[in-house]
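What follows is the residue order along each chain.
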Amino acid sequence: MQHHTVTFRVRPGGTLKGEARVPGDKSVSHRSIMFGSLAEGTTRVSGFLEGEDCLSTIRAFQAMGVTIEGPVEGRVTIHGGGLHGLKAPAEELYLGNSGTSMRLLAGLLSGQSFDSVLTGDASLSRRPMKRVTDPLRAMGARIDTTERGTSPLHIHGDSRLKGIHYDMPVASAQVKSCLLLAGLYAEGKTSVREPAPTRDHTERMLTGFGYPVERKEDVISIESGGKLTACNIDVPSDISSAAFFMVGASIAAGGDLLLKHVGINPTRTGVIDILKLMGAKIDILNPREAGGEPVADIRVRSSQLQGITIPEELVPLAIDEFPVLFIAAACAEGETRLTGAEELRVKESDRIQVMADGLRLLGVNATPTPDGMVVHGGPIAGGTVESHGDHRIAMAFSIAGLRASKPITIHDCANVNTSFPTFVALAQSLGLTVESAEETVS
Ligand code: S3P
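Treat the numbers as computed from the prediction; the structure is a model and nothing was measured.

A separate point is the overall build of the chain. Counting secondary structure elements, the chain contains 13 helices and 23 strands. Radius of gyration (C-alpha) of the chain: 21 Å, near the 22 Å computed for a compact globule of 442 residues. Each of the three principal axes of the chain carries a C-alpha extent, and together these read 60 × 50 × 40 Å. Counting over 442 residues, the chain shows a buried share of 59%. Surface accessibility of the chain: about 16400 Å² in total, with carbon and sulfur atoms responsible for 49%.

Laid out in structure tokens, this is it:
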């Protein structure tokens, strides 16, 4: 059988200069659709990320009877039907590559009166779902998975959910959000303790929709019986997308970028803290608020990075940025050591193994460990690396081109469209010589 695959080719060297606004935040975009659909009234979203993952969320809610217009130039209008307005979907809900859609929907759908089935692509079908199905079952949900605890998830409707207290074994915003969504439909109070702070967009956005959420130290709780009232949401630019250019401008000689309107929610800024510890020149300019989230413009200039031991408490706050932080480490003087990041092994790919394999292919001294990596900075050669269909791996190795001595070819890059469909064009406009080619393979 023939299929299409996307290959990136990056010419070595160059720099990153200028101003850019990267696309909208993926986590906030997903939640805007979910909460807008559950709200009473019309929610208008601007700055929405038109990536495949968020489009999967839109399609899922449309399949459950919600009228959603757009996205057109980042604008989406959602005609919410209230907490009890969803209808049984006629078919399985296919969520592509999107872990956030699947885990959050698992919680929401456990509280509905109808049955539903959640499916995804090969990567999503390998990812662990027990972390949500275990606590949901403790609340009374009835969900069937494969023997390995993976999707498809068959969720049975009409389960009477009961609020529980759950001590999360992993620091996961997806698990926390899943349980808060189920908590909207559960009798009494649902509370979740997080072992370390994780992104709090769910809590902020529920509050923005007028639904009370309580936070006491590390415990977040919600009670059923309230309602969400439609509102307008201005989605900030995604710091996880900005991170590629933050590293790029740091490692490229003469790099100087201004990244505009970037979300700097303190549960997401680990990448800035880590890069600053490595000696990056990053200035946070004009901090302000947009749609209940802090935003700022971020100026990044070239600097000689130093290897560090990454503080473990920063790991959940930078969880999606490690692929590109490993590139920063490869360009740093000395050794960078990451521990406490075993979660990276169950992302869209095994990001520890896949990054270590790619870095070694490019001549970098990188040693994977069960929960992290040790990287010795040094020259980056050229070569051909595999992204394993992982968007962030593909973009990270593109950025490595800025310091490579020969071209880098990256296979299997189509999924860059899940989070950053304009990556190649934007990177080119800022000075990276990257080209995308669609190829047919059999
Ligand atoms: C997300 C939470 C994170 C992150 C993912 C998006 C979210 O996952 O890696 O890209 O929107 O809640 P975990 O909460 O599982 O760490």
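Taking 1.5 Å of rise per residue, 12 residues should cover 16 Å, and helix H2 (residues 52-63) covers 16 Å from first to last C-alpha, within 8% of that figure. Along H2, the positions that sit buried rather than exposed are Asp53, Cys54, Leu55, Ser56, Thr57, Ile58, Ala60 and Phe61. Buried residues along H2 sit in contact with helix H1 (26-38), strand S4 (67-72), strand S5 (75-81), strand S6 (93-94), helix H3 (99-110) and helix H12 (416-419). Positive backbone phi, approximately 90°, marks glycine 65, located one or two places after H2.

With that settled, the discussion passes to unusual backbone geometry. The phi torsion of most residues other than glycine is negative, and most of the peptide bonds are trans. Residue proline 71 is bonded to the preceding glycine 70 through a cis peptide linkage, with omega at 5°. For the bond running from serine 151 to proline 152, omega is 5°, close enough to zero to count as cis. Relative to the elements of secondary structure, proline 152 occurs in the loop between strand S8 (142-144) and strand S9 (153-156). At aspartate 158, a position not held by glycine, the phi torsion is positive, near 60°. Within the secondary structure, aspartate 158 is located in the loop between S9 and strand S10 (165-167).

Domain boundaries in the chain define domain 1 (3-24 + 236-441) and domain 2 (26-234). A straight line from the C-alpha centre of domain 1 to that of domain 2 covers 28 Å. Across the boundary between the two partners, domain 1 contributes 30 residues, which contact 26 residues of domain 2. At the boundary of domain 1 with domain 2, total buried surface from both sides reaches about 2200 Å², with 46% on carbon and sulfur atoms. The largest contributions to the domain 1 side of the interface with domain 2 come from Arg268, Glu348 and Thr418, which together make up 23% of the buried area. Across the domain 1-domain 2 interface, the total number found is 3 salt bridges. When the shortest N-O distance is used, the salt bridge between glutamate 343 and arginine 131 registers 2.9 Å. Sorting the residues of the side of domain 1 that touches domain 2 by element identifies strand S17 (293-301), helix H11 (391-400) and H12 as the ones contributing at least two each.

Strand order in this open sheet of 3 strands is S18-S20-S19, and the pairing throughout is antiparallel. Edge positions in the sheet fall to strand S18 (335-338) and strand S19 (365-369), since each has one partner strand and no second. Between one strand and the next, the sheet's axes are offset by a mean angle of 10°, whatever the strand orientation. For S19 and strand S20 (residues 372-376), the ladder comprises 5 bridges, and the chain directions are antiparallel. In the strand pairing of S20, asparagine 365 is matched with histidine 376. The sheet contacts of helix H9 (residues 322-330) involve S18 and S20, and relative to S20 the element is tilted by about 25°. Across the sheet, helix H10 (residues 351-361) touches S19 and S20, and the angle it forms with S19 is around 160°.

Moving on: the sheet that holds strand S21 (residues 383-386). A sheet is described by the order of its strands in space; here 4 strands give the open sequence S21-S22-S1-S23, paired in mixed fashion. The open sheet terminates on both sides in strands that have one partner only, identified here as S21 and strand S23 (434-441). With direction set aside, neighbouring strand axes in the sheet form an average angle of 25°. As paired strands, S21 and strand S22 (residues 408-411) are joined by 4 bridges and run parallel to one another. The partner of valine 385 across the bridge, within S22, is isoleucine 410. Sitting on the sheet, helix H13 (residues 423-430) touches strand S1 (3-10) and S23, and the angle it makes with S23 is about 150°.

Across its 13 residues, H1 extends 19 Å between first and last C-alpha, which sits within 8% of the 18 Å expected from 1.5 Å per residue. With 13 of its 13 residues buried, H1 lies for the most part within the structure. Here H1 starts with a cap whose side-chain oxygen sits 2.9 Å from the backbone nitrogen of serine 27, and that cap is aspartate 25.

Contacts to the ligand come from Ser27, Arg31, Thr100, Ser172, Ala173, Gln174, Arg199, Ile319, Asp320 and Lys347. Residue serine 172 places a side-chain N or O atom 3.1 Å away from an oxygen atom belonging to the ligand. Protein chains bury 95% of the 380 Å² of accessible surface belonging to the ligand in isolation. Comparing atom positions with the cavity grids shows the ligand to sit within the largest pocket. Secondary structure elements with two or more residues in the shell around the ligand: H1 and helix H5 (173-183). Partitioning the shell around the ligand into residue classes produces 2 nonpolar, 4 polar and 4 charged. Shared between two domains, the shell around the ligand takes at least three residues from each, and those domains are domain 1 (3-24 + 236-441) and domain 2 (26-234).

A separate point is empty space enclosed by the protein. Inspection of every chain in the model, using the stated rule, returns 2 cavities of 30 Å³ or more. Size it by volume and the largest cavity reaches roughly 40 Å³. In this structure, the largest cavity is lined by Asp25, Val28, His201, Pro236, Ile239, Gly263, Ile264, Asn265, Arg268, Glu293 and Pro294. Reported here for the second largest cavity is a volume of approximately 30 Å³.

Parameters at a glance
- Residues numbered from 1 in each chain as written.
- Predicted model: local features only at pLDDT ≥ 70, side-chain atom pairs only at ≥ 80, totals over all residues.
- Heavy atoms only, no water.
- Helix = DSSP H or I, 4+ residues; strand = E, 2+ residues; numbered from the N terminus.
- Rg over C-alpha atoms; globule rule 2.2 N^0.38 Å.
- Buried < 20%, exposed > 50% of the residue type's maximum accessible area, 1.4 Å probe, protein only.
- Areas by Shrake-Rupley, 256 points an atom, 1.4 Å probe, with all protein chains shown as cover.
- Expected span 1.5 Å × (residues − 1).
- Contact = heavy atoms within 4.5 Å.
- Domains from an automatic or database assignment.
- Buried area = accessible area lost by both parts, 1.4 Å probe.
- Salt bridge = Lys/Arg side-chain N within 4 Å of Asp/Glu carboxyl O.
- Pairing = 2+ DSSP bridges.
- Axes fitted to C-alpha atoms, helices over the stretch in contact; angles between N-to-C directions.
- Polar contact = N/O pair within 3.5 Å; in protein donor to acceptor, adjacent residues only side chain to side chain.
- Near = heavy atom within 4 Å.
- 1 Å grid on protein atoms, 1.4 Å probe; cavity = no way out; pocket = protein on both sides within 12 Å on 5 of 7 lines; lining within 4 Å.
- Sits in = over half its atoms within 2 Å of the grid points.
- Nonpolar A, V, L, I, M, F, W, Y, C, P; charged D, E, K, R; others polar.
- Points joined across faces, edges and corners; volume = space filled by probe spheres on them.

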